[in-house]
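An overview of the molecular structure
Letter by letter, the chains look like this.
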Amino acid sequence: RVEHPAGGYKKLFETVEELSAPVTAHVTGRIPTWLRGSLLRCGPGLFEVGTEPFYHLFDGQALLHKFDFKEGHVTYHRRFVRTDAYVRAMTEKRIVITEFGTYAYPDPCKNIFSRFFSYFKGVEVTDNALVNVYPVGEDYYACTETNFITKINPDTLETIKQVDLCKFVSVNGATAHPHIENDGTVYNIGNCFGKNFALAYNIIRIPPLQPDKEDPMNKSEIVVQFPCSDRFKPSYVHSFGLTPNYIVFVETPVKINLLKFLSSWSLWGANYMDCFESNETMGVWLHVAEKKKGRLLNIKYRTSAFNLFHHINTYEDNGFLIVDLCTWKGFEFVYNYLYLANLRANWEEVKRQAEKAPQPEARRYVLPLSIDKADTGKNLVTLPYTTATATLHSDESVWLEPEVIFSGPRHAFEFPQINYKKYGGKPYTYTYGLGLNHFVPDRLCKLNVKTKETWVWQEPDSYPSEPIFVSHPDALEEDDGVVLSIVISPGSGPKPAYLLLLNAKDMSEVARAEVEVNIPVTFHGLFKRA
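Rules of the game
The residue numbering used here restarts from 1 in each chain and proceeds along that chain's sequence as written. Note on the predicted model: pLDDT of at least 70 is required for a residue's local features to be given, and 80 or more for side-chain atom pairs to be given and counted; whole-chain, interface and lining totals, by contrast, use all residues. Remark: hydrogens and water are excluded; side-chain values derive from all non-hydrogen atoms of the structure. For the exposure calls, accessible area comes from a 1.4 Å probe over protein chains only, and a residue counts as buried if that area is under 20% of its type's maximum, exposed if over 50%, partly exposed in between. Strands are runs of DSSP state E lasting at least two residues, helices are runs of H or I lasting at least four, and both sets are numbered from the N terminus onward. UniProt positions are given in the numbering used here, feature names are shortened, and annotations may be inferred rather than shown by experiment. Should any heavy atoms of two residues lie within 4.5 Å, those residues are counted as being in contact. Whenever a nitrogen or oxygen atom comes within 3.5 Å of another N or O atom, the pair is scored as a polar contact, on the condition that within protein one atom can donate a hydrogen and the other can accept it, and that pairs from neighbouring residues in sequence are kept only if both atoms are in side chains. Any two strands with at least two DSSP-identified bridges between them are counted as paired. For the purposes of this section, nonpolar cores are sets of buried Ala, Val, Leu, Ile, Met, Phe, Trp, Tyr and Cys residues that join through side-chain atoms within 4.5 Å. The convention used is that axes are lines fitted to C-alpha atoms, helices contributing only their stretch in contact, and that angles between N-to-C directions extend from 0 to 180 degrees. A pair of Phe, Tyr and Trp rings is counted when the ring centres sit within 6.5 Å of each other, with Trp represented by its six-membered ring. The angle between the planes then sorts it: under 30 degrees is stacked, over 60 is edge-to-face, the rest tilted. Charges are assigned to positions over rings by a cutoff of 6 Å between ring centre and Lys NZ or Arg CZ, combined with an angular limit of 35 degrees from the ring normal.

1. Thoughts on unusual backbone geometry
Here L157, not a glycine, exhibits a phi torsion of approximately 70°, which is positive. Note on L157: relative accessible area 1%, which makes it buried. In this model, K452 sits at a positive phi of 70°, which is unusual for a non-glycine residue. Tracing the sequence through the fold places K452 in the loop between strand 31 (440–448) and strand 32 (454–457). Taking relative accessible area as the criterion, K452 reaches 33% and is therefore assigned partly exposed.

2. Structural notes on the UniProt feature "binding site: Fe cation" (unreviewed entry) in the chain
When the UniProt feature table is mapped onto this chain, "binding site: Fe cation" (unreviewed entry) is found at H177, H238, H310 and H524. Maximum C-alpha separation among the annotated residues is 12.6 Å over a sequence range of 348 residues, consistent with a single clustered spot. Here H177 lies in the loop between strand 11 (159–164) and strand 12 (179–180). Owing to a relative accessible area of 15%, H177 belongs among the buried residues under this scheme. The residues contacting H177, other than those within four sequence positions of it, are N132, N188, H238, S239, F240, H310 and H524. Within the local environment of H177, its side chain forms a polar contact with the side chain of H238, the two groups lying 3.1 Å apart.

3. Quick word on the pairing of strand 3 (residues 37–46)
Along any regular strand the residues' side chains alternate between the sheet's two faces. The element strand 3 is extensively covered by neighbouring structure, given that 10 of its 10 residues are classed as buried. Taken together, the six bridges between strand 3 and strand 37 (residues 524–529) define a ladder with antiparallel strand orientation. Note on strand 37: the bridge partner recorded for C42 is H524. Bridge analysis of strand 3 against strand 6 (residues 61–70) gives nine bridges, and the strand direction is antiparallel.

4. Points about the nonpolar core
In summary, soluble globular proteins display a tendency toward joint burial of nonpolar side chains. Membership of the largest hydrophobic core comes to 104 residues, with the highest contact counts inside it found for L35, L39, F67, F69, Y335, F439 and L484. Contacts of L35, omitting those with residues within four sequence positions, involve F69, K70, V470, V482, L484, L501 and F527.

5. Topic: the environment of D107
With respect to the helices, strands and loops of the structure, D107 is situated in the loop between helix 1 (84–92) and helix 2 (112–118). Considered as a pair, D107 and R94 are 13 residues apart in the sequence and their alpha carbons are 9.0 Å apart.

6. Quick word on the environment of G433
As for its position among the elements, G433 is in strand 30 (residues 430–437). A C-alpha to C-alpha distance of 10 Å links G433 and S485, two positions 52 residues apart in sequence. G433 has contacts with F413, E414, F415, P416, R443, L444, C445 and P467, leaving out every residue within four places of it along the chain.

7. A short note on the sheet that holds strand 10 (residues 148–152)
To summarise the sheet geometry, strands pair through backbone hydrogen bonds and adopt either a parallel or an antiparallel arrangement. Spatially, 8-9-10-11 is the arrangement adopted by the four strands of the open sheet, whose pairing is antiparallel. Taken across any chain shown, the strands that pair with only one partner, and hence form the sheet edges, are strand 8 (132–136) and strand 11. On average, adjacent strands in this sheet sit at an angle of 35° to one another, irrespective of strand direction. Across five bridges, the pairing between strand 8 and strand 9 (residues 139–143) is antiparallel. What sits directly across from N132, in strand 9, is C143.

8. Side note on the packing of aromatic side chains
Under the counting rule described, the total for this entry stands at 30 aromatic pairs. Where F58 meets F523, the ring centres are 5.3 Å apart and the plane angle is 65°; that geometry is what we call edge-to-face. Here the residue F58 occupies a position in the loop between strand 5 (52–53) and strand 6, and F523 occupies one in the loop between strand 36 (508–515) and strand 37, the gap between them amounting to 465 residues. Taken individually, F58 and F523 each receive the classification buried, so the pair is uniform in this respect. Measuring from ring centre to ring centre gives 5.8 Å for F100 and F276, while their planes differ by 45°; the resulting arrangement is tilted. Here F100 is found in the loop between helix 1 and helix 2, whereas its partner F276 is found in strand 19 (residues 276–278), with 176 residues between them in sequence. Given a relative accessible area of 16%, F276 falls into the buried group. The lysine or arginine in question, R512, covers the ring of Y498, its NZ or CZ lying 4.2 Å from the ring centre.

Here's what the structure looks like:
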């Protein structure tokens, strides 16, 4: 087990300046010549406005990063996304829009009357697009989890415009983890008001770009609606599963209290985090729908409580769905542990906090797609290669027990990535993840989900980001390619950060491209081929 007494990880949560132009990175090793394109990533880059701090990991203002690869050379560029939240903060020199864990106080310049009336405007929802970037047709959007996404230029990193998803489909927000099929079709999920005011979850489908070149957003549609376990309290949803024929939605016990959410925040200084609560009795409900027909499978899948942020992959096999997840055991919300004060604490304190938090575990669940009453009391899983079970109960619910595919005390396999283009939604063998050690990202890990074999890249006082797999253009095998990650190494040597390039076969270093500037934490991103 690696320790971090020097606390170099604190540099992940430090404000940086954007760049006016790309800078050249210093390459050691050799960048493969076939690697041409851009690694685009999002994360927070401004952790305070003047003297006002942001409090939560998901509050800092969105910074868009790009590493460009061309003929073995590498450049690095970054720009703040010109969201309303950012532009107004810069203009008024204070936090203007309430973020995930930071309340924006009313304008001190307004008198009591105009403040009183602004209570009735309701909440101004943040558009701080710090979580991910994804393509829709020929366009690229930076996003968070609200109804606002931000169109950006992937070459210059300039902000083009804010887009409100509510103008296209009936959702209150959408996740930062859409699924993108090889023809360009985009699927996403968001909560919404369903029939007779009950809460529900809508699956959004955005078709691929057509020859008429019309913005595909205009053709967005809802393809299926999942019911909610509690008509007044939707679960927090961060990602979902998709196969060629099915959509999988995992409903966890982390709930959004809509009454708190819709009541006037400004009267009691609330933020998004204040609206979460845990249902301590429901456990986890899984829902399946047929993708093409938009029809719900009438099977009640149940299992014990966990938090879920990231699906690893989902696939169909002989009448079963295999659902691989990065879980955190229990119903307490993991985000309670992601306040910046926690993450910036000294190492001993960081460890003490993480001891109390839900424990991470990568798991495989197996869902039978059809049930027969005659099998009541039996395990329905007949696949030879898994120990996961699904037991049919007399009330016709199916109780699931997982196969554990990765587990280490307070060591998470998180931010999972796969060879998505070829193996997303299909049987697969490998996943690449970021290893969190008491929430501190300190290693990159490759996992064979069949044999549970692991390969690790780790260096002292080095803090990597989500690994992105890029397939070799002539790949014959699933893991023919490279893995890209942004690493900060504040302690060692003059260069504070670098882009790391690993051989995906054995996680050995192929090259690194060092830059002279610190790079704060990034969450998600993509590789855009040139």
